[in-house]
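What the coordinates show
Okay, here's what each chain looks like letter by letter:
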There are 2 protein chains.
Amino acid sequence: MPAARKEFHINPRVVAAQYAVRGLIPMRADEIKKALATPEGRAKYPFSSLVYCNIGNPQALEQAPLTFFRQVMSLIDAPFLLENEQVTSQYPADAVARAREYLGHIGKGTGAYTDSAGYAFAREIVARRIDERDHGAQPPADASSIVLTDGASTGVRLLLQILVGGAGDAVMIPIPQYPLYTAQIALLGGTPAMYYLREGEHWALNAEELASVYDECVAKSNATPRVLVVINPGNPTGGVLERGVMESVAKFCCDRGVVLMADEVYQENIYAEGKRFVSFREVVLGMPAPYNTDTVLVSLHSTSKGIIGECGRRGGYFCCTNFPAALREQVTKMCSINLCSNVNGQVMTALMCSPPRRGDASYESYWAEYNGIFASLKKRALLLAEELGSIRGFSCQPVEGAMYAFPTIQLPEKYLQHNAELNAKEGRTLAPDARWALELLENTGVVVVPGSGFGQLPGTLHFRTTILPPEAQMERVVRAVRSFQEGVWAKYA
Amino acid sequence: MPAARKEFHINPRVVAAQYAVRGLIPMRADEIKKALATPEGRAKYPFSSLVYCNIGNPQALEQAPLTFFRQVMSLIDAPFLLENEQVTSQYPADAVARAREYLGHIGKGTGAYTDSAGYAFAREIVARRIDERDHGAQPPADASSIVLTDGASTGVRLLLQILVGGAGDAVMIPIPQYPLYTAQIALLGGTPAMYYLREGEHWALNAEELASVYDECVAKSNATPRVLVVINPGNPTGGVLERGVMESVAKFCCDRGVVLMADEVYQENIYAEGKRFVSFREVVLGMPAPYNTDTVLVSLHSTSKGIIGECGRRGGYFCCTNFPAALREQVTKMCSINLCSNVNGQVMTALMCSPPRRGDASYESYWAEYNGIFASLKKRALLLAEELGSIRGFSCQPVEGAMYAFPTIQLPEKYLQHNAELNAKEGRTLAPDARWALELLENTGVVVVPGSGFGQLPGTLHFRTTILPPEAQMERVVRAVRSFQEGVWAKYA
C-alpha cells in the first residue's frame, strides 16, 4: 500500500472561482453522452442524443464556417500551395491574392512568434475596420492601441489582472452577467459590485443606479470600483443598449475614474427591428470634452461569435481608447509575458475585419453565406423567445441580440421543497434552477445553464439557452422544455 | 485643454512582474528596426539589419516548417479541399489520409470549441507518444491526464495559479531560470525560492542543496514551497540532467509534499554526445514505492521548440502524473474557465506526437527535413559555445541541449563605473550586463538578453543568445560580439 497522499495546498481563490457554462450541468451531460454510446446507457434514457444549448458554439451545432476565410487560412498554413497552379486554380482569385498579401507582411515564418500584440498588419486592418464601423469617429483608431488575443476571454483576463489586485479593488458587473467575469474576479481576489439589469424593460441598464452601487461598494465592502463591465449586446440577456444610456455610463466612468470595459463580442448579432449596434468607442469619442478624451475605454471583440463563429480558433482583439501611458505600459508588458496570441486566430481576426470587397471573386458567395446564417439566427431568435414565452410559468424577453434567451421560470412551491429534500439527501446545495436544469437534462437530453450561474434578482429563477440549435432541433428543444415544465407543474402544483 | 487625467490604480503584482526576453533590450531593438527603415536611421547605425538572438523563435530565423504537418493542417482548416481531387492529387497520400482521420474525430465543426482539455483524440495520441517515449513506463499515460494548452506558458500559468495563492506559497526555481517563472510568481504574489545550478559542472543541479533551500525559505521568508520547477534540458543553460539527479529531485519533492513541475519543452533538442533525454515521468514511475505513486508530477511540452519550431501556433500540453483528485478537479475547472486552447495548436500537437510512420508516403521526406534541421542545430550549438568561449573575458559551458548559450562575461572594473555613471545620468538602474547588451545592440545590431534577466550568482555576469541564426548569420553574430567585447576591454581596461 502506498503511504497516504499528503494534502496539497490549493490557492483558495481558485477554489472559489465558478464557471457555470461548463459546470455541473454540462459535466453531467458529458457523462450521459458517454452512457448513450452503450446499449445499457441507451436503455436508461428516453432520448438517444443530447442538444447542447449551454454554450455559444455555433459550428458544433452545424453552422458552416465562412468559406473564403478558410480558403485563405489554408493557403497561409501551407504557403507552398501558392506555387502549385493545379491547387491555386481551384481557389477563387481573391483568396489567392489575399493569402499572398498577408504572407507579404508575415514573410516565410508563418510559424514564428509574432509581435506580442499581434501582427502589425493585422492590427492595422482591425483599426481601419473600427474606423469604418464607428463612422470615422476621431481620432482614428491606431494599430498601436489594438492587441490581438486568444479570443475575448484572454483580453478580459489580462485587463482585469492589471486593474484588480485584491479585495480592495472592485469590478462593477451587470446581473445577470457572463460568468467569465465573476470567475476572473474571484481568481484575482477582487470584489464584485453588482448592478441589476431591468428584466421587464428588455433587460435595460439603468445608468442612474450606478452611482449608488459604487457608493455602496465603497461603504459596505471597503472596495473601490476600478472597472465597470458592460456586455452589449447582452449575454445572457440579449438586450441592446440605447445610445443615451451608453453616454450616461461613459460619463459615470469618466467622472469616477473607472475603466469602462465594453464586451462587444456580439456586435454583429442584432436581430430586433429598429435596433443597430453602436460601439462605446463611437459614443465616447462623440461626447463633449472632457468625456471624449478622459473616458478610459477598452472594447473587446472576438472571432467566436458574430456570423463567423470560429470559437475554436481563439481569435479576437481589444482596442484601447484614451489609455494613460502607465496603463498602456503594463498592457505591453503583460502581452510580452504571454509571448503572443496564436497566429491562426490572428489571421482569422484580420479576415473578419476585411471580408471580400465588391468586385472580388468571392464577394457574392461570401455575402450569400453571411446573410443566410444571419437570417437563420434571426429567425431562431424570434421563434425561441416567442415559444418559450408561451410555456407555463415562463416569461421571456425578446432576444434583441447576441445568441441566448434567458427566460424567467416560475416553479411550484412544492418543487422548491422537493429540491431542498434532495439536497439534504444528496449533501448538495443545488439552487432550484440548477435542480430544474439537471432534471431537464436527465429527462430530455437538453443542456441549458441555470440562471444562478449568471446571477439573478434574489427570488427569481431563470435559465439560459442558446438560439443555436438548427431549426429542426430547435423544435425538439422547445417541445422538450414545454413538456418537462408541464410535468413539473402537474407533479408539484 | 482636457482636465488632467485621473491616476489609475494598477495591480502592484503586475507592476512587479518582469520579463527580460521581451524587455528593455528587445524593445530598444524594435525602435532601431523601425529607424533602419529610413535613410536617416540607416546613417545612424553601423549595420543595416538586426539579428534577433533574444528569443527561441526558429521560423523567424529561416528555419522551415515541417512540410507534412502543414499539409495536414491546411486540409483540416479547409475540409472542402478533400472533396476536390485536383487538389488532393497534389498532396502525399498520407497527408490526405491523416487529415481524413483527424476530421473523422473532429467532425465538421473544425471551428468549434473543443473539450476544455482539448480534443479527446489528440490527447489519446499524446498519451500513446508519451508511452513510447518513456519505454512503456507503467501505468500507461491516460488521455484524461493530458491537457492541451496554448503553448507551454499557458500550462505553467494555469498550474502555478492553482498552487500559489500568495506570499506564503513559494516556488523553488533554478537560477538561472526562464523568466516566465519569476514573472508568474510575481503575478501571483508568491515567493521565489532559488536553487543555484553549478556553472562549472555544465550547469548541473545539486539535489543535495534542495533541502537547505526549502528550509531557508520556510525560516526566512515564512513561505512553504508548493512547487519545484526543473527545466530539462535547461533554459538558458543548455544543461541536461542525469538520471540519478532526477531521482534525487523526485525523492525530495515526494518527501516534502512539493509538486514537481518538469519543463521539458526542449526534450528533442539534445546535442551532446552520450546524452539522451529521459523524462521525469519515466524516472518517477521507475522508482520504488512510495515514490512511483506519491510523487506529484506535471510535465510540460510544446510545439514551439524541438525540431518543429511552431511557436506562433501556440500548441502544447501538460501531463499529470499521480495528481490527487482535489488538484485534478481544479485543473478541470480552470480549463473550463479558459474554454479551450486553439484548435490549430491542438492539431499541431497531435501531429508532433505522431509523425509519418515507416511505409507512409511522407516518411522519407519528413525524416530528411527533421534530420537536416537537427544536424544544423547541433552544428550551431557546438560552434557557438566554442567560438564564444574563445572571446576575451568569456567562458561558455557546452550547449548540451535546448537552444541557447549562456556564457559568463567578465568586464573591466572601469566598465562597471561607466555603467554607474550612465545610470546616474539617465536616472536608470541598469545592471552591468544589461548595459553591455544594450551597447552591443547599439553598436552591432545583435539582440541578446542580459543574464540579470534570468538570475545569476551574485557578482557574475552573463548573457543569453539563441543558437538559431542561420549559419551565415551566426558568423556575423560571433564576429560582432568578439569585436564589441574587445573594444570594451580596449576602452575600459
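Residues numbered from 1 in each chain as written. Chains lettered and ligands numbered in written order. Predicted model: local features only at pLDDT ≥ 70, side-chain atom pairs only at ≥ 80, totals over all residues. Heavy atoms only, no water.

Going by what an unreviewed UniProt entry lists, chain A is known as Alanine aminotransferase and is assigned to Trypanosoma conorhini. Here chain A is described in UniProt, under the heading Sequence similarities (unreviewed entry), as follows: "Belongs to the class-I pyridoxal-phosphate-dependent aminotransferase family. Alanine aminotransferase subfamily." (UniProt positions renumbered as here; feature names shortened; annotations may be inferred.)

**Some points on the overall build of chain A**
Scanning chain A for helices and strands turns up 19 helices and 14 strands. Here the C-alpha atoms of chain A give a radius of gyration of 24 Å, agreeing with the 23 Å that 2.2 N^0.38 yields for 493 residues. Seen along its three principal axes, the alpha-carbon backbone of chain A occupies a region of about 65 × 65 × 60 Å. The buried share of chain A, taken over its 493 residues, is 63%. Considering only residue pairs separated by 6 or more positions, chain A has 73% of its internal contacts joining residues 24 or more positions apart. Carbon and sulfur atoms form 53% of the exposed surface of chain A, whose accessible area is close to 17,900 Å². For chain A, the distance from the average position of its 47 positive side-chain charges to the average position of its 50 negative side-chain charges is 5 Å. (Helix = DSSP H or I, 4+ residues; strand = E, 2+ residues; numbered from the N terminus. Rg over C-alpha atoms; globule rule 2.2 N^0.38 Å. Buried < 20%, exposed > 50% of the residue type's maximum accessible area, 1.4 Å probe, protein only. Contact = heavy atoms within 4.5 Å. Areas by Shrake-Rupley, 256 points an atom, 1.4 Å probe, with all protein chains shown as cover. Lys, Arg positive; Asp, Glu negative; His and termini not counted. Charge placed at Lys NZ, Arg CZ, Asp CG, Glu CD.)

**Here's the deal with the interface of chain B and chain A**
The parts lose accessible area when they come together, and the size of an interface is often stated as this lost area. Every contact between the two is made by 97 residues of chain B and, on the other side, 96 residues of chain A. Counting the surface chain B buries against chain A, the share from its top three residues, Phe-8, Arg-22 and Tyr-113 of chain B, is 10%. One salt bridge connects Arg-313 of chain B with Asp-77 of chain A, and the closest N-O pair in it is separated by 3.1 Å. For the side of chain B that touches chain A, the class distribution of residues is 44 nonpolar, 34 polar and 19 charged. (Buried area = accessible area lost by both parts, 1.4 Å probe. Salt bridge = Lys/Arg side-chain N within 4 Å of Asp/Glu carboxyl O. Nonpolar A, V, L, I, M, F, W, Y, C, P; charged D, E, K, R; others polar.)

**Considering the domain arrangement of chain A**
Residues and elements named next belong to chain A. One can read the domain layout of chain A as domain 1 (12–61 + 377–492) and domain 2 (120–353). Computed over C-alpha atoms only, the centres of domain 1 and domain 2 are separated by 28 Å. With 36 residues of domain 1 in contact, the opposing surface of domain 2 contributes 42 residues. For the pair domain 1 and domain 2, the summed buried surface comes to about 2,900 Å²; carbon and sulfur atoms form 56% of the total. Of all residues in domain 1, the largest losses of buried area upon contact with domain 2 belong to Arg-13, Gln-397 and Glu-400, amounting jointly to 25% of the total for that side. At the surface where domain 1 touches domain 2, the tally comes to two salt bridges. Here Lys-378 and Glu-273 are joined by a salt bridge, their closest N and O atoms 2.9 Å apart. Where domain 1 packs against domain 2, one counts 21 residue pairs in polar contact (both at pLDDT 80 or more). Mapped by element, the contributors of at least two residues to the side of domain 1 that touches domain 2 are helix 1 (12–16), helix 16 (363–389) and strand 10 (404–405). The class makeup of the residues in the side of domain 1 that touches domain 2 is 20 nonpolar, twelve polar and four charged. (Domains from an automatic or database assignment. Polar contact = N/O pair within 3.5 Å; in protein donor to acceptor, adjacent residues only side chain to side chain.)

**Looking at the environment of Ala-117 of chain B**
All names here are of chain B. If you trace the backbone, Ala-117 turns up in the loop between helix 6 (93–106) and helix 7 (120–133). Residue Ala-117 is classed as buried on the basis of its relative accessible area, which comes to 13%. The spatial distance from the C-alpha of Ala-117 to the C-alpha of Ser-341 is 7.7 Å, given a sequence separation of 224 residues. If we skip the residues at most four places from it in the chain, Ala-117 touches Arg-123, Ile-146, Val-147 and Leu-148.

**Structural notes on the UniProt feature "domain: Aminotransferase class I/classII large" (unreviewed entry) in chain A**
Under the UniProt annotation, the feature "domain: Aminotransferase class I/classII large" (unreviewed entry) is placed at residues 93–480 of chain A. The span residues 93–480 of chain A is 45% helix and 14% strand, and its two end C-alpha atoms sit 47 Å from each other.

**Side note on the pattern of salt bridges**
This structure, assessed with the given rule, holds 55 salt bridges over all chains. Put simply, Glu-124 of chain B and Arg-128 of chain B hold a salt bridge, and the shortest N to O gap is 2.4 Å. Note that Glu-124 of chain B and Arg-128 of chain B are positioned in helix 7 at a spacing of four residues, about one turn of the helix. On the basis of relative accessibility, which here comes to 35%, the residue Arg-128 of chain B falls in the partly exposed class. Look at the salt bridges and you will find they share partners, linking Glu-124, Arg-128, Asp-131, Arg-133, Asp-134 and Arg-281 of chain A into a network.

**Structural notes on the packing of aromatic side chains**
Residues and elements named next belong to chain A. Considering all chains together, one arrives at 38 aromatic pairs over all chains under this definition. Ring centres 5.7 Å apart and planes at 85° place the aromatic pair Tyr-266 and Tyr-404 in the edge-to-face group. Here the residue Tyr-266 occupies a position in the loop between strand 6 (259–263) and helix 12 (280–285), and Tyr-404 occupies one in strand 10, the gap between them amounting to 138 residues. Judged by its relative accessible area of 2%, Tyr-266 is buried. (Phe/Tyr/Trp six-rings, centres within 6.5 Å; stacked < 30°, edge-to-face > 60°.)

**Focus on helix 4 (residues 67–77) of chain A**
Summarising burial for helix 4 of chain A: ten of the eleven residues are buried, a large majority. Taken together, the buried positions of helix 4 of chain A are occupied by Phe-68, Phe-69, Arg-70, Gln-71, Val-72, Met-73, Ser-74, Leu-75, Ile-76 and Asp-77 of chain A. Elements that come into contact with the buried residues of helix 4 of chain A comprise helix 6 (93–106), helix 15 (343–352) and helix 16 of chain A together with helix 4 (67–77) and helix 15 (343–352) of chain B.

**Regarding the sheet that holds strand 2 (residues 146–149) of chain B**
All names here are of chain B. A sheet is described by the order of its strands in space; here seven strands give the open sequence 2-8-7-6-5-3-4, paired in mixed fashion. Lying at the two open borders of the sheet, with one neighbouring strand each, are strand 2 and strand 4 (191–196). Going from strand to strand, the sheet's axes swing by 20° on average, the running direction of each strand aside. For strand 5 (residues 224–231) and strand 6 (residues 259–263), the ladder comprises five bridges, and the chain directions are parallel. Within the sheet, the bridge partner assigned to Val-230 lies in strand 6 and is Ala-262. Strand contacts of helix 9 (residues 180–188): strand 3 (169–175), strand 4, strand 5 and strand 6, with the helix running at about 165° to strand 3, the strand carrying the most contacts. Lying on the sheet, helix 11 (residues 243–256) is in contact with strand 3, strand 5 and strand 6; it crosses strand 5 at an angle near 160°. (Pairing = 2+ DSSP bridges. Axes fitted to C-alpha atoms, helices over the stretch in contact; angles between N-to-C directions.)

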